[in-house]
Amino acid sequence: MNSEILVAYDWIIRFGFFLSIFLVMAFWEWLRPALNRSYGRLLRWRSNLGIVALNTLILNSLGVSSALAYAWTLEKTGLGLLNKAAWPLWVTVPMTVISMDLAIYLQHLLFHRVPILWRLHRMHHADLDFDVTTGARFHPIEIVLSMGIKLTVISLIGPPVLGVLAFEVILNGMAMFNHSNITLPKIADGLLRLIVVTPDMHRIHHSVRVRETHSNYGFNLSWWDRIFRTYIDESKDKANISIGLPIFRHPKYLKLRWMLAIPFMNEVPLPNQEIHETPKESYQSGA
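Bear in mind that the values here come from a model prediction, so they are computed numbers and not experimental data.

## A word on the overall build of the protein
Piece 1. When you go through the protein residue by residue, the secondary structure sums to 14 helices and 0 strands.
Piece 2. For the protein, the N- to C-terminal ordering of α and β elements is α-α-α-α-α-α-α-α-α-α-α-α-α-α.
Piece 3. By its C-alpha atoms, the protein is 60 × 45 × 40 Å across when sized along the principal axes.
Piece 4. For the protein, the residues scored as buried account for 51% of the 287 residues in total.
Piece 5. Of the contacts made within the protein by residues no fewer than 6 positions apart, 76% connect residues no fewer than 24 positions apart.
Piece 6. Counting every atom, the protein has about 13900 Å² of accessible surface; 67% of that belongs to carbon and sulfur.
Piece 7. Separation of charge centres in the protein, based on 27 positive and 21 negative side chains, amounts to 3 Å.

What follows is the structure in structure tokens.
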């Protein structure tokens, strides 16, 4: 497949997959939600989708919005491990997806273990509901750092453009799937967990319980949590799991301006600090 064509239509391809998967998961959530919502979609979605638009604008302004374009540059110059190997795409594409997924797992682990990075990442965890939009709720500084890490990994492995596109589409789609407010039949969930991260598995990662918050880091492949012993099978509060962080219980933190301020606030629970849930404060529209 022509790499130049993939790069030229990168945005259209990725947005097409994003919109299609988003609509499917949103409809599924509406049809059969796993948890009752604490807050309305309008309050949360305008902020969560607003942060997506802001992050896209920032990456575009920095000129680093496309990992595909960078992979294409390396492909033309022959730099990187896979570019030097004369292997077919059916080998290098899966290798790209698996190796980049491992990098994302390790990055996620790092953002939980290093306090200054946890300041950034806790915006993702401060969402008080868990649905398809939560998977895109990341602070702009974290997004920029993540893109830097991604480009560094691409520099090292020299993946084919098709492999990077496959990874981007799969990761984006899986983030919406495993953050969605749905539950699968127990048998289906158990079988899928042998390979990928399911919503019930990742929902544990958004629990207020500290042991559960710092577990189940995978976004796509479930192997890494098992290999690195960060896997938890079920939440202690499975029937009524509480989502979010206890120091950001007020609904004002669902608003975009407060979301952006979260990393700069002083109440920073360290990764090993015990978390206890606090009563949810009542919401007032002027908060």
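## Concerning the pattern of salt bridges
Piece 1. This model, assessed by the stated rule, comprises 11 salt bridges.
Piece 2. A salt bridge links Arg137 to Asp127, with the nearest nitrogen and oxygen atoms 4.0 Å apart. With Arg137 in the loop between helix H7 (115–125) and helix H8 (140–157) and Asp127 in the loop between H7 and H8, this pair connects stretches of sequence that are 10 residues apart. Asp127 shares its class with Arg137; the two are buried.
Piece 3. Taken together, the shared-partner salt bridges in this structure form one network comprising Glu29, Arg37, Arg44, Asp127, Asp131 and Arg137.

## As for H8
For an α-helix, the turn length of 3.6 residues means that residues three or four places apart are oriented alike.
Piece 1. Helix length check: H8, at 18 residues, gives a terminal C-alpha distance of 26 Å against a target of 26 Å (1.5 Å per residue), a fit within 8%.
Piece 2. Three or more residues of H8 are buried, namely Pro140, Glu142, Ile143, Ser146, Met147, Lys150, Leu151, Val153, Ile154 and Ile157.

## Let's talk about the packing of helix H3 (residues 41–62) against H8
Piece 1. One can describe the packing of H3 onto H8 by two numbers: an axis separation of 10 Å at closest approach and a directional angle of 45 degrees. If you check the angle between H3 and H8, you find them oblique. Once H3 is placed against H8, the crossing between them reads as right-handed. Facing Ile51, Leu54, Asn55, Ile58, Leu59 and Leu62 of H3, the residues of H8 in contact are Pro140, Ile143, Val144 and Met147.
Piece 2. Grouping the amino acids of the contact of H3 with H8 by side-chain chemistry returns 9 nonpolar, 1 polar and no charged.

## What to know about helix H4 (residues 67–77)
Piece 1. Within H4, burial applies to Ala67, Leu68, Ala71 and Leu74. Axial view of H4: buried residues confined to an arc of 120 degrees, hence all on one face.
Piece 2. Elements that come into contact with the buried residues of H4 comprise helix H1 (3–8), helix H2 (10–31), helix H5 (81–84), H8 and helix H9 (161–178).
Piece 3. Sitting at the head of H4, Ser66 places a side-chain oxygen 3.4 Å from the backbone nitrogen of Leu68.
Piece 4. Phi turns positive, to about 75 degrees, at Gly78, one or two residues after H4.

## Examining a nonpolar patch on the surface
Piece 1. Residues Ile98, Leu106, Ile187, Leu191, Leu194, Ile195, Trp223, Ile227 and Phe228 make up a contiguous nonpolar surface patch of roughly 900 Å² in combined accessible area.
Piece 2. When residues of the nonpolar patch are traced back to their parent elements, those giving at least two are helix H6 (89–113), helix H10 (186–192) and helix H13 (223–227).
Piece 3. Looking at where Leu191 falls in the secondary structure, it is placed in helix H10.
Piece 4. Judged by its relative accessible area of 56%, Leu191 falls in the exposed class.

## Re unusual backbone geometry
Piece 1. The backbone phi angle of Asn216 is positive, close to 50 degrees, even though this residue is not glycine.
Piece 2. Its place among the elements puts Asn216 in the loop between helix H12 (210–213) and H13.
Piece 3. The exposure class of Asn216 is buried, given its relative accessible area of 1%.
Piece 4. Phi is positive for Arg229, close to 60 degrees, though the residue is something other than glycine.

## Examining the confidence of the model for the protein
Piece 1. Predicted confidence across the protein gives a mean pLDDT of 89, with 92% of residues reaching 70 or more.
Piece 2. Across residues 268–287, confidence stays below pLDDT 50; counting only partners more than four residues off in sequence or on other chains, it has 43 contacts.

## As for the packing of aromatic side chains
Piece 1. One pass over the full model with this rule turns up 11 aromatic pairs.
Piece 2. Aromatic side chains Tyr105 and Phe228 sit 5.4 Å apart centroid to centroid with 20 degrees between the ring planes, which places their arrangement in the stacked category. Within this pair, whereas Tyr105 is found in helix H6, its partner Phe228 is found in the loop between H13 and helix H14 (256–261), the two being separated by 123 residues in sequence.
Piece 3. Judged by its relative accessible area of 41%, Phe228 is partly exposed.
Piece 4. Centre to centre, the rings of Trp223 and Trp224 are 6.0 Å apart; their planes meet at 70 degrees, and the pair counts as edge-to-face.
Piece 5. Given a relative accessible area of 32%, Trp223 falls into the partly exposed group.
Piece 6. Residue Trp224 is classed as buried on the basis of its relative accessible area of 9%.
Piece 7. Within the aromatic cluster, the residues linked to one another by ring pairs are Trp11, Phe15, Phe18, Phe22 and Trp45.
Piece 8. In this arrangement the basic side chain of Lys76 is found over the ring face of Trp72, its NZ or CZ atom lying 3.9 Å from the centre.
Piece 9. In this structure, Lys252 is placed above the aromatic ring of Trp258, and the distance from its NZ or CZ to the ring centre is 4.0 Å.

Each value, and the rule that gives it
Residues numbered from 1 in each chain as written. Predicted model: local features only at pLDDT ≥ 70, side-chain atom pairs only at ≥ 80, totals over all residues. Heavy atoms only, no water. Helix = DSSP H or I, 4+ residues; strand = E, 2+ residues; numbered from the N terminus. Buried < 20%, exposed > 50% of the residue type's maximum accessible area, 1.4 Å probe, protein only. Contact = heavy atoms within 4.5 Å. Areas by Shrake-Rupley, 256 points an atom, 1.4 Å probe, with all protein chains shown as cover. Lys, Arg positive; Asp, Glu negative; His and termini not counted. Charge placed at Lys NZ, Arg CZ, Asp CG, Glu CD. Salt bridge = Lys/Arg side-chain N within 4 Å of Asp/Glu carboxyl O. Expected span 1.5 Å × (residues − 1). Axes fitted to C-alpha atoms, helices over the stretch in contact; angles between N-to-C directions. Parallel < 35°, antiparallel > 145°, perpendicular 65-115°, else oblique. Left-handed = near helix turned anticlockwise from the far one by under 90°. Nonpolar A, V, L, I, M, F, W, Y, C, P; charged D, E, K, R; others polar. Arc of directions from axis to C-beta. Polar contact = N/O pair within 3.5 Å; in protein donor to acceptor, adjacent residues only side chain to side chain. Patch = residues over 30% accessible without salt bridge, like charges linked within 9 Å, V, L, I, M, F, W, Y side chains within 5 Å. pLDDT = per-residue confidence, 0-100. Phe/Tyr/Trp six-rings, centres within 6.5 Å; stacked < 30°, edge-to-face > 60°. Lys NZ or Arg CZ within 6 Å of the ring centre and 35° of its normal.

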